[in-house]
Amino acid sequence: MSGFFKSSIGRKVAMALSAFFLMFFLLQHFAINMLSVFSPDTFNEVSHFMGTNPLVQFALQPVLIFGVVFHFIMGFILELKNKKANGVNYAKNNGAANSSWMSRNMIWSGVAILAFVVLHFIDFWFPEINTKFIQGDWSGTMDGVEGFRYYEELVHKFSNPARVVAYVIAFVFLALHLMHGFTSAFQSMGSTAGRKQTLQNIGKAYSIIIPLGFVVIALYHFFNH
Amino acid sequence: MNLTLKIWRQKDSSSKGQMVDYKVTDISEHMSFLEMMDVLNEQLVNTGEEPVAFDHDCREGICGMCSMYINGEAHGPDRGITTCQLHMRMFKDGDTITIEPFRAAAFPVIKDLVVDRTSFERIQQAGGFISVNTSGNTQDANSIPISKIAADEAMDAATCIGCGACVATCKNSSAMLFVGAKVSQYALLPQGRVEATERVQNMVAQMDLEGFGNCTNTGACEVECPKGISLDNIARMNRELMKASV
Ligand code: HEM
Ligand code: SF4
Ligand code: FES
């Protein structure tokens, strides 16, 4: 089995597995963020639960971090290996004749997402870690805010137009990444389902609706406050 | 028609190559691309220059020898064909055509447009066969029932001519369409199932050893493949390797 994950195909399978995990996570993240638009109170409740539940904090969160790090490191490794396999570059290469832009630029859409992930960690994750693990404050409250602090923090972040623009750009790249990645992951897992119309439609819907939804959430908070 | 050709010239595997411009005149639109290359070479021989080396054999689309990356595509702009089947009517008078060898680290240039594709042969030798007794006592293959679907899919996979267009086209120089076709051809049939586990493991190991890249499912190979080998064969190979590893 260890030999399998050292093979070219095994690496692709590992890549696809981490991608499936990330796509599932994204769906969950999207659902919770949507609450901030429809019901700030519910959003606060759920955020507090996610932020303080030991199972989420000490089991799911490390798995998520591992999944993200694994996915992009493996992405870089595969890209380097593939560049090495190329040899001399063509003087003229018409990639558009036989493949989509998205499929040929997964590493660049990936790098854009990675840049966003870094920004996102600085925005939300590091302050959370600081509050909870360094200052030891697990109350979920903040001076000057009634009830839980999560909604206020979110709204505050999205009052900055530069941040909103950065988020919107990142989600465009996420959409492009998923437009190829969603069905590609099925193929890597040895399933031909990704080549059938049904799954291609689901993939297209997922890769447009989820990033667009995140954009709408960011814009809603920017214009609403 | 009159054409300008930009052709990769390289003396031998250890020399550095470069693109060189040539002019050819009075090319008939009914000529094949290789016939056009013959016209150029005749011209070069007459002027005492070294003719352009290129691979070819059957000139009827079945041997897979003719290679060439023409205007940024393996076997040129047409679909479902090899270079020997590419007609000059695909081009216009006054066109400039860029002609390069198939590129991949595992396909080193031998001379000009000729590349060494023996890496494919070594992959075949690693498992692209069945071990049968051919002493004369072989069982009649027709006595083994095989579903029509499996038979058709195996036959389709078997049409791969090992030309290497899939590798040349792939941005990752991946050989997975070729290997997928070879693995599938046997995996689908009862005679091939016997050695299926070792076959897929050995062929994939050899493919990795030769330095081919990792498939990212761009699908470019399937579009450029002269025999229309389907990406489903790559998925099947992935399944076969997973099955072989558990
Ligand atoms: C953190 C930065 C990221 C980088 C650098 C990155 C990079 C890559 C690369 C290089 C590939 C391989 C290309 C391919 O298989 O076609 C890939 C595949 C994929 N990525 Fe990402 N990615 C990142 C984040 C994400 C995220 C956040 C998601 C989803 C939410 C995602 C979903 C996918 C999917 C579905 C695939 C296809 C898997 C496969 O074909 O086996 N990626 N990524
Ligand atoms: S899969 Fe198609 S492109 Fe690749 S070697 Fe076989 S015939 Fe040529
Ligand atoms: S020369 Fe045989 S396929 Fe072209």
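Residues numbered from 1 in each chain as written. Chains lettered and ligands numbered in written order. Predicted model: local features only at pLDDT ≥ 70, side-chain atom pairs only at ≥ 80, totals over all residues. Heavy atoms only, no water.

I keep staring at the overall build of chain A and nothing clicks. Help me out?
Of regular secondary structure, chain A possesses nine helices and zero strands. Taken from N to C terminus, the helices and strands of chain A fall in the order α-α-α-α-α-α-α-α-α. C-alpha extents for chain A along the principal axes are approximately 60 × 40 × 35 Å. Looking at chain A as a whole, 44% of its 225 residues qualify as buried. Here the contacts in chain A between residues at least 6 apart in sequence split such that 74% fall between residues at least 24 apart. (Helix = DSSP H or I, 4+ residues; strand = E, 2+ residues; numbered from the N terminus. Buried < 20%, exposed > 50% of the residue type's maximum accessible area, 1.4 Å probe, protein only. Contact = heavy atoms within 4.5 Å.)

I keep staring at the UniProt feature "transmembrane region" (unreviewed entry) in chain A and nothing clicks. Help me out?
Residues and elements named next belong to chain A. Mapped onto the present numbering, the UniProt feature "transmembrane region" (unreviewed entry) falls on residues 55-78, 106-126, 164-185 and 205-223. Along residues 164-185, the helical share is 100% and the strand share 0%, with 30 Å between the first and last C-alpha atoms. Secondary structure over residues 205-223 splits into 100% helix and 0% strand, and the C-alpha atoms at its two ends are 26 Å apart. (UniProt positions renumbered as here; feature names shortened; annotations may be inferred.)

What exactly am I supposed to notice about the site of ligand 1 here?
Around ligand 1 sit 25 residues, and of these K12, H71, H177, S184 and S188 of chain A come closest. Near ligand 1, the surrounding residues are drawn from chains A and B. Within the contact set of ligand 1, an oxygen atom lies 3.3 Å away from a side-chain nitrogen or oxygen of H180 of chain A. In this structure, an oxygen atom belonging to ligand 1 sits 3.2 Å away from a main-chain N or O atom of T216 of chain B. Elements supplying a minimum of two residues to the shell around ligand 1: α2 (8-38), α4 (54-86), α6 (106-134) and α8 (161-188) of chain A. (Near = heavy atom within 4 Å. Polar contact = N/O pair within 3.5 Å; in protein donor to acceptor, adjacent residues only side chain to side chain.)

Teacher, can you tell me more about the coordination of the iron atom of ligand 1 here?
When a metal carries six donors in an octahedron, the ideal angles between them are 90 or 180 degrees, while four donors in a tetrahedron ideally lie at 109.5 degrees. Residues and elements named next belong to chain A. At the metal site, the iron atom of ligand 1 is ligated by H71 (NE2) and H177 (NE2), and these contacts range over 2.0 Å. The site at the iron atom of ligand 1 holds six donor atoms, and with the angles between them running 86 to 179°, its shape is octahedral. One end of the pair, H71, is in helix α4; the other, H177, is in helix α8, and 106 residues separate them in sequence. Across this residue pair, the class does not change: H71 and H177 are buried. (Donors = N, O, S within 2.8 Å, 3.2 Å for Na, K, Ca; no water. Tetrahedral: all angles 85-135°; square planar, octahedral: opposite > 155°, others 65-115°.)

I would appreciate a short explanation of the pairing of strand β1 (residues 3-9) of chain B in the present structure.
Every regular strand shows the same layout, with side chains that alternate between the two sheet faces. All names here are of chain B. For β1, the tally of buried residues reaches six of seven residues, placing the bulk of the element in the interior. Judged from the seven bridges that link them, β1 and strand β2 (residues 18-24) form a sheet pairing that is antiparallel. Residue pairing for β2: R9 is matched across the bridge by Q18. (Pairing = 2+ DSSP bridges.)

Whenever I open this one, the sheet that holds strand β4 (residues 73-74) of chain B confuses me. Can you help?
Across a sheet, strands are paired by hydrogen bonds formed along the backbone, either parallel or antiparallel in direction. Residues and elements named next belong to chain B. With respect to topology, five strands assemble into an open sheet ordered β2-β1-β5-β3-β4, the strand pairing being mixed. The outermost strands of the open sheet, each flanked by one partner alone, are β2 and β4. Each of β1, β2, β3 (69-70) and β5 (96-100) is contacted by helix α1 (residues 33-46), which is oriented at about 90° to β2, the strand it contacts most. (Axes fitted to C-alpha atoms, helices over the stretch in contact; angles between N-to-C directions.)

Would you explain the interface of chain B and chain A in this entry?
Many authors give the size of an interface as the accessible area that is lost as the parts come together. Counting residues at the interface gives 48 residues for chain B, matched by 36 residues for chain A. Taken together, the two surfaces of chain B and chain A that pack against each other cover about 3400 Å², and 52% of this comes from carbon and sulfur. Looking only at chain B, the three residues that lose the most surface to chain A are K171, N214 and N217 of chain B, adding up to 19% of its buried area. One salt bridge in this structure joins D232 of chain B and R195 of chain A, with 3.0 Å as the shortest N-O distance. Inspection of the chain B/chain A interface yields 25 residue pairs in polar contact (both at pLDDT 80 or more). Top element by residues in the side of chain B that touches chain A is helix α9 (residues 232-245) of chain B. It accounts for nine residues. Each residue belonging to the side of chain B that touches chain A can be placed in one class, and the counts come to 22 nonpolar, 16 polar and 10 charged. (Buried area = accessible area lost by both parts, 1.4 Å probe. Salt bridge = Lys/Arg side-chain N within 4 Å of Asp/Glu carboxyl O. Nonpolar A, V, L, I, M, F, W, Y, C, P; charged D, E, K, R; others polar.)

I keep staring at α6 of chain A and nothing clicks. Help me out?
Each α-helix winds once per 3.6 residues, and so residues spaced three or four apart point in a common direction. Residues and elements named next belong to chain A. For α6, the principal kink sits at F121 and spans about 45°. For α6, the complete set of buried residues consists of M106, I107, S109, A112, I113, L114, F116, D123, E128, T131 and K132. Lining the buried residues of α6 we find α3 (40-52), α4, α5 (101-104), α7 (150-157) and α8. Backbone geometry just after α6 places G136 at a positive phi near 70°. (Bend = angle between axes of the 7 residues up to and from the residue.)

What is the right way to read the site of ligand 2 from this model?
All names here are of chain B. If you check the shell around ligand 2, you find 13 residues, and the closest are C160, C163, G164, C166 and C225. With respect to the pocket detection grid, ligand 2 is positioned in the second largest cavity. Contributing elements (two or more residues each) for the shell around ligand 2: α4 (165-169) and α5 (176-187). Broken down by class, the residue content of the shell around ligand 2 amounts to 11 nonpolar, two polar and no charged. (1 Å grid on protein atoms, 1.4 Å probe; cavity = no way out; pocket = protein on both sides within 12 Å on 5 of 7 lines; lining within 4 Å. Sits in = over half its atoms within 2 Å of the grid points.)

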